[in-house]
Amino acid sequence: MAEKNFKQQLKSGFIYTAFAKYSGILISLAVTAVLSRMLPPEDFGVIAVASVFIVFFGIFSDMGLSAAIVQKRNLSVSDLKSLFSYTLFLGVILSVFFFFSSWLIARFYDDSQLIIICQILSVNVLFATWSIVPNGLLLRDKQFKFIGVRTVSIQIILAVISIVGAYTGMGIFSLLINPVGSSILIFILSYIKSPVGFTFHPSFESVRKIASYSSYTFGFSLINYFLRNLDKLLIGKVFGMIPLGYYEKSYRLMLLPVQNLTQVITPVLHPVLADYQSDISQQTNKYLKLLKILALIGFPISALLYFTAEPLVILIFGSQWMPSVPVFKILSLTVGFQITGSSVGAFLQAANKTREMFVIGCLNTLTNIICLFVGVYVIGSIDGVAWMFFLAMCIGLWNNWYIAQTIEIRAIEMFKPYVPALYPTVLNIMILALLHNFCQFSLIVSLVINVFVTSVLILVYLRHFHIIDVVAYLKTRLIRQRRL
């Protein structure tokens, strides 16, 4: 019964989260395709720099609080009121600090545009901080349907406004509509759905209840921030905004499949696995099964992105973004590693292993910093940075050994889920290489054929390893429809 309930909760969560995320892909691609043709690369480079600081302040605003609300089931109404009150005060402090930091940021990058850009984005910091407790409650209560509908509705509204803004001459400011508008609307809708009281005298005891758990989560988020954003900070400073614009576009395009799998799985995985936090063996078995699925999907997608780099960049961004293609091809090789590694945090959080999660983050960050400095200062090109990023992802795979020691299983068990992925990945590389070298198609036809081949291989091997039988599922659905 517990197993059935787990699958039902996971399935329901995946459906609604996937609905939101994959709708978001289409909306994001449409907006990006339009804005990339209306705005120059340096505008995207400036926003990329400002966004790095937004994420930085976001880490300090959350401090592991959202994950702690999901995990700690003993928090009282009074505790939640105190925690929410702290976030209100903290949001004001952080947003004001970011506002006045804008002059220092602009001076560091020698770009005066960053002053007004950062000052406008300080509104994002304010409302994103205020959203933490209401949004954490939505996740704890598994309100995945509401979250999905809320996310898609906001994206559609802001997408239209962004395009209209760019068309009417707002320029770089049209790129600010989504981050600022989404933070405001998410707070309003989340608070209406999960209202929390406020007090001018919040209890410090409420913070102490979650401190041991949230502190390591905060530490992990902080070092993961440097892992994800240090490359953009250095590229913008050393190479300038135009190369950063090309790198950022390649990086964001590469992240689409990563985020659109991981951001569907992670928000659902933690709340559902947290129900089994007293049984680490059961949690581990479920996690290893999921890791196998992610590997079977992630690594063939890496091959697909590598061979479709040029048509993807041209069709989505336009031919003026062709300098992004070599960087994108290199970064695409990391997709399999990122997809499989992305669920580690949710698993360790649900298992109350936040200290171990923090250690893994430290190891990853150290590796990434060394590789990044080699790419920037030794190789001296954005291609070199991309290759060193790939090397860092490969080295990071050995974190599985440390995870195995943490949950007291044999290290080989953590690597077994990767083995089945070798078959569809190698076969996909061979087929796509033949198509690439010996068949001449138009951009759209080539992209469709490559996606079709990769999809078929993934589905065949998911069925072969008794994970998902799409044919049987469709037959069952057809029979049900006929009966109705």
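The rules behind the values
Residues numbered from 1 in each chain as written. Predicted model: local features only at pLDDT ≥ 70, side-chain atom pairs only at ≥ 80, totals over all residues. Heavy atoms only, no water. Helix = DSSP H or I, 4+ residues; strand = E, 2+ residues; numbered from the N terminus. Buried < 20%, exposed > 50% of the residue type's maximum accessible area, 1.4 Å probe, protein only. Contact = heavy atoms within 4.5 Å. Areas by Shrake-Rupley, 256 points an atom, 1.4 Å probe, with all protein chains shown as cover. Axes fitted to C-alpha atoms, helices over the stretch in contact; angles between N-to-C directions. Parallel < 35°, antiparallel > 145°, perpendicular 65-115°, else oblique. Left-handed = near helix turned anticlockwise from the far one by under 90°. Salt bridge = Lys/Arg side-chain N within 4 Å of Asp/Glu carboxyl O. Expected span 1.5 Å × (residues − 1). Arc of directions from axis to C-beta. 1 Å grid on protein atoms, 1.4 Å probe; cavity = no way out; pocket = protein on both sides within 12 Å on 5 of 7 lines; lining within 4 Å. Points joined across faces, edges and corners; volume = space filled by probe spheres on them. pLDDT = per-residue confidence, 0-100. Core = buried A, V, L, I, M, F, W, Y, C linked by side-chain atoms within 4.5 Å.

K.L.:
It is not clear to me how the overall build of the protein should be interpreted in this structure. Could you clarify?
P.N.:
In terms of regular secondary structure, the protein is built from 22 helices and zero strands. Every one of the 484 residues in the protein was classed for burial, and the buried ones make up 52%. In the protein, the share of contacts with a sequence separation of at least 24, taken over all contacts with a separation of at least 6, comes to 83%. Working note: accessible area of the protein is about 22200 Å², and carbon and sulfur atoms make up 68% of it.

K.L.:
How do you make sense of the packing of helix H16 (residues 354-379) against helix H18 (residues 399-406) when you look at a structure like this?
P.N.:
Helices that pack against each other are described as a pair by the angle of their axes relative to one another and the distance between those axes. Two elements in contact, H16 and H18, have axes whose closest approach is 11 Å; the angle formed by their N-to-C orientations is 165°. With respect to H18, the element H16 is oriented roughly antiparallel. Considering how the two elements wind past one another, H16 and H18 form a crossing that is right-handed. Listed contacts from H18 to Arg355, Glu356, Val359, Ile360, Leu363 and Asn364 of H16 are Asn399, Tyr402, Ile403 and Thr406.

K.L.:
Would you mind going over the pattern of salt bridges with me for this structure?
P.N.:
Here the idea is simple: oppositely charged side chains can pair when their charged atoms come close. Following the criterion strictly, the structure yields three salt bridges and no others. We note a salt bridge from Glu248 to Arg252, for which the minimum N-O separation is 2.6 Å. In this pair, Glu248 and Arg252 both sit in helix H10 (residues 241-273), four residues apart, roughly one turn of the helix. Note that Lys416 is salt-bridged to Glu413, the shortest N-O span being 3.3 Å. You can call Glu413 partly exposed: its relative accessible area is 23%.

K.L.:
Is there a simple way to think about unusual backbone geometry in this case?
P.N.:
Only a minority of non-glycine residues have a phi that is not negative, and only a minority of peptide bonds are not trans. Phi is positive for Asp110, which is not a glycine, with a value near 55°. Structurally, Asp110 is set in the loop between helix H4 (77-109) and helix H5 (113-130). Residue classification places Asp110 among the exposed residues on the basis of a relative accessible area of 72%.

K.L.:
So what exactly am I meant to see when it comes to helix H20 (residues 422-438) here?
P.N.:
Residues that lie three or four places apart on an α-helix share one face, since the helix turns once every 3.6 residues. In this model H20 runs 24 Å from its N-terminal to its C-terminal C-alpha over 17 residues, within 8% of the 24 Å that 1.5 Å per residue would give. Within the sequence span of H20, burial applies to Pro424, Thr425, Asn428, Leu432 and Leu435. In an axial view of H20, the angular spread of the buried residues amounts to 100°, which keeps them on one side of the axis. Residues of H20 that are exposed and point more than 90 degrees away from the buried face comprise Leu422, Leu434, Asn437 and Phe438.

K.L.:
Explain empty space enclosed by the protein here, please?
P.N.:
Leftover empty space is mapped by rolling, across the atoms, a probe with the size of a water molecule. Considering all chains together, one arrives at two cavities of 30 Å³ or more under this definition. By volume, the second largest cavity amounts to about 50 Å³. Around the second largest cavity, the lining residues are Asp231, Asn368, Cys371, Leu372, Val385, Met388, Phe389 and Ala392. Taken together, the elements giving at least two residues each to the lining of the second largest cavity come down to H16 and helix H17 (382-396). Considering every element that reaches the lining of the second largest cavity, the biggest residue donor is H17, with four residues.

K.L.:
Before we go on, may I ask you to explain the environment of Trp103 in this structure?
P.N.:
Here Trp103 shows up in helix H4. Residues Trp103 and Gln119 lie 16 residues apart in sequence; the distance between their C-alpha atoms is 9.3 Å. Among all residues touching Trp103, those that are not within four sequence positions of it are Ile115 and Gln119.

K.L.:
What should I look at first to understand the confidence of the model for the protein in this one?
P.N.:
Should the pLDDT be low somewhere, the predicted coordinates at that spot are not to be read in detail. Looking at the protein, pLDDT values average 80 and 83% of them are 70 or higher. At the low end of the mean pLDDT range in the protein sits helix H22 (residues 470-483), at 60; at the high end sits helix H13 (residues 325-332), at 92.

K.L.:
What's the story with the nonpolar core in this structure? I'm lost.
P.N.:
Most often, soluble globular proteins keep nonpolar side chains buried together rather than apart. Membership of the largest hydrophobic core comes to 101 residues, with the highest contact counts inside it found for Phe98, Leu114 and Met254. Looking at this core element by element, the count peaks at 13 residues for helix H11 (residues 280-307). Once you skip the residues sitting within four places of it in the chain, Met254 turns out to touch Phe328, Leu331, Ser332, Thr334, Val335, Gln338 and Phe389. Core analysis: the next-biggest nonpolar cluster, separate from the first, contains 17 residues, Leu80, Phe84, Val196 and Ile210 among them.

K.L.:
I tried to follow H18 on my own but got confused; where do I start?
P.N.:
When H18 is considered as a whole, its buried residues turn out to be Asn399, Asn400, Ile403, Ala404 and Thr406. Along H18, the residues classed as buried sweep out an arc of 160° about the axis, all on the same side. The inward-facing, buried residues of H18 abut helix H15 (344-350), H16, H17 and helix H19 (411-415). Directly after H18, the chain includes Glu408, whose backbone phi takes a positive value near 60°.

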